[in-house]
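Residues per chain are reported as follows:
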Amino acid sequence: MRHKLVVGNWKMYGSLEKNWALLSALVEGLRDCRNANFAVCVPHPYLYQAQTLLRGSNIAWGGQNMNQHEAGAFTGSVAPHMLEDFGCSYVIIGHSERRGPCQETDPIIAAKYVAAINNGMKPILCLGEKLEEHEAGLTHEVVARQLDAIIHQEGAHSLAKAVLAYEPVWAIGTGRAASPHKAQAVHAFIRNRVAGHDRGVAAKLRILYGGSVRVANAAQLLSMPDIDGALVGNASLVAEQFIAICRVANSL
Ligand code: PEP
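As the structure is a prediction and not an experimental result, all values here were calculated from the model.

Caption draft 1: Local environment of the site of the ligand. Close contacts around the ligand come from 14 residues, with Lys11, Glu167, Gly173, Ser212 and Gly233 the closest. Within the contact set of the ligand, an oxygen atom lies 2.7 Å away from a backbone nitrogen or oxygen of Gly173. One of the backbone N or O atoms of Gly233 is found 2.8 Å from an oxygen atom in the ligand. Considered on its own, the ligand offers 290 Å² of accessible surface; in the complex 100% of this is hidden by protein. Grouping the constituent residues of the shell around the ligand by class yields four nonpolar, eight polar and two charged.

Caption draft 2: Local environment of helix 5 (residues 106–118). Relative to the 18 Å expected for 13 residues at 1.5 Å per residue, helix 5 spans 18 Å between its end C-alpha atoms, a close match to the ideal helical length. Within the span of helix 5, buried status applies to Asp106, Ile109, Ala110, Lys112, Tyr113, Ala115, Ala116 and Ile117. Contacts made by the buried residues of helix 5 are with helix 3 (80–85), strand 4 (90–93), helix 4 (96–99), strand 5 (122–127) and helix 7 (139–154). Following helix 5 by one or two positions, Gly120 adopts a phi angle in the positive range, close to 75 degrees.

Caption draft 3: How the structure looks around the side chain of His95. Residue placement: His95 occurs in the loop between strand 4 and helix 4. Within the local environment of His95, its side chain forms a polar contact with the backbone nitrogen of Glu97, the two atoms lying 3.0 Å apart.

Caption draft 4: Up close: helix 2 (residues 47–54). Within the sequence span of helix 2, burial applies to Leu47, Gln49, Ala50, Gln51 and Leu54. Tucked inside the fold, the buried residues of helix 2 contact helix 1 (16–30), strand 2 (37–41), strand 3 (59–63) and helix 3.

Caption draft 5: Fine view of the packing of helix 1 against helix 2. Packing of helix 1 against helix 2 leaves a shortest axis separation of 10 Å and a crossing angle of 30 degrees. As far as their axial angle goes, helix 2 and helix 1 are roughly parallel. Every pair of crossing elements has a handedness; the one defined by helix 1 and helix 2 is right-handed. Between helix 1 and helix 2, the contacting residues are Leu16, Asn19, Trp20, Leu23 and Val27 on the first element and Gln49, Ala50, Leu53 and Leu54 on the second. Class assignment of the residues belonging to the contact of helix 1 with helix 2 gives a composition of seven nonpolar, two polar and no charged.

Caption draft 6: Summary view of the sheet that holds strand 4. Reading around the circumference, 1-2-3-4-5-6-7-8 is the order of the eight strands in this closed barrel, with parallel pairing throughout. The mean inter-strand angle of the sheet, taken between neighbouring strand axes irrespective of direction, is 25 degrees. By the bridge criterion, two bridges tie strand 7 (residues 207–210) to strand 8 (residues 229–232) in an arrangement that is parallel. When the sheet's bridge partners are listed, Gly210 is paired in strand 8 with Leu231.

Caption draft 7: Spotlight on the pattern of salt bridges. Evaluation of the coordinates by the stated rule reveals eleven salt bridges. One salt bridge connects Arg193 with Asp148, and the closest N-O pair in it is separated by 2.7 Å. On the criterion of sequence distance, the pair formed by Arg193 in helix 8 (residues 180–195) and Asp148 in helix 7 is long-range, its members being 45 residues apart. Overall, the relative accessible area of 13% leaves Asp148 in the buried class.

Caption draft 8: The environment of Arg99, seen in detail. Following the sequence through the fold, Arg99 ends up in helix 4. With 24 residues separating them along the chain, Arg99 and Thr75 place their C-alpha atoms 20 Å apart. Arg99 has contacts with Gly94, Glu104, Asp106, Ile109, Leu125, Cys126, Leu127 and Gln146, leaving out every residue within four places of it along the chain. A polar contact is formed between the side chain of Arg99 and the backbone oxygen of Gly94, at a distance of 2.9 Å.

What counts, and at which threshold
Residues numbered from 1 in each chain as written. Predicted model: local features only at pLDDT ≥ 70, side-chain atom pairs only at ≥ 80, totals over all residues. Heavy atoms only, no water. Near = heavy atom within 4 Å. Polar contact = N/O pair within 3.5 Å; in protein donor to acceptor, adjacent residues only side chain to side chain. Areas by Shrake-Rupley, 256 points an atom, 1.4 Å probe, with all protein chains shown as cover. Nonpolar A, V, L, I, M, F, W, Y, C, P; charged D, E, K, R; others polar. Helix = DSSP H or I, 4+ residues; strand = E, 2+ residues; numbered from the N terminus. Expected span 1.5 Å × (residues − 1). Buried < 20%, exposed > 50% of the residue type's maximum accessible area, 1.4 Å probe, protein only. Contact = heavy atoms within 4.5 Å. Axes fitted to C-alpha atoms, helices over the stretch in contact; angles between N-to-C directions. Parallel < 35°, antiparallel > 145°, perpendicular 65-115°, else oblique. Left-handed = near helix turned anticlockwise from the far one by under 90°. Pairing = 2+ DSSP bridges. Salt bridge = Lys/Arg side-chain N within 4 Å of Asp/Glu carboxyl O.

Right, here's the structure in full:
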């Protein structure tokens, strides 16, 4: 039995004041939800605030990115152990907003993935195809390449310490989510590919769906047998919406 997991990705939004209101509302609104897991991935400067407000609640927190090195002359970067210092349980790795504009390659993402695990955090590894790849029917090929980059370097057993997120790039921030059946088909493909290496790990692996998850589509998406939760961008910034999505997960 895989517990559903809903993770908010705040991206580069927030302020001390807004975060205080949002986090306080989440703690209150999810207090009685014990059947699913919840987390928010916040901008680095707000980790201390998240840690302070969420400690002792049923909501975990994490980072949205990090450097793969432990220390060094990497101006502007944040090391894995720094996230660990602030109690992060999760870190998003390989989000399309980093693969694309920030030119993070599969090897860089694999290095960050292993650094997260070595520092006691669960990487939330994002996989997903761009619109032109989707239209060319290359979804499975792209997702397989991104997944294999990790499996070949770290082994499928490492996925026991990770979470995957299938995030079709064309669905992120567009209001155009993948249909539940199409998303399910990709999730099943991912799980089968992992099962080809390690059936036990595949059975327990949580594969989240991300891309325009809203209150209106959450129940249908999260009811699919291989969709184990959601990675939520825009809707995670509005307390009532994120709480409602989390409560859907909790009810399934
Ligand atoms: C995301 O940022 O990972 C995401 C899925 O965003 P949105 O929910 O806004 O599409």
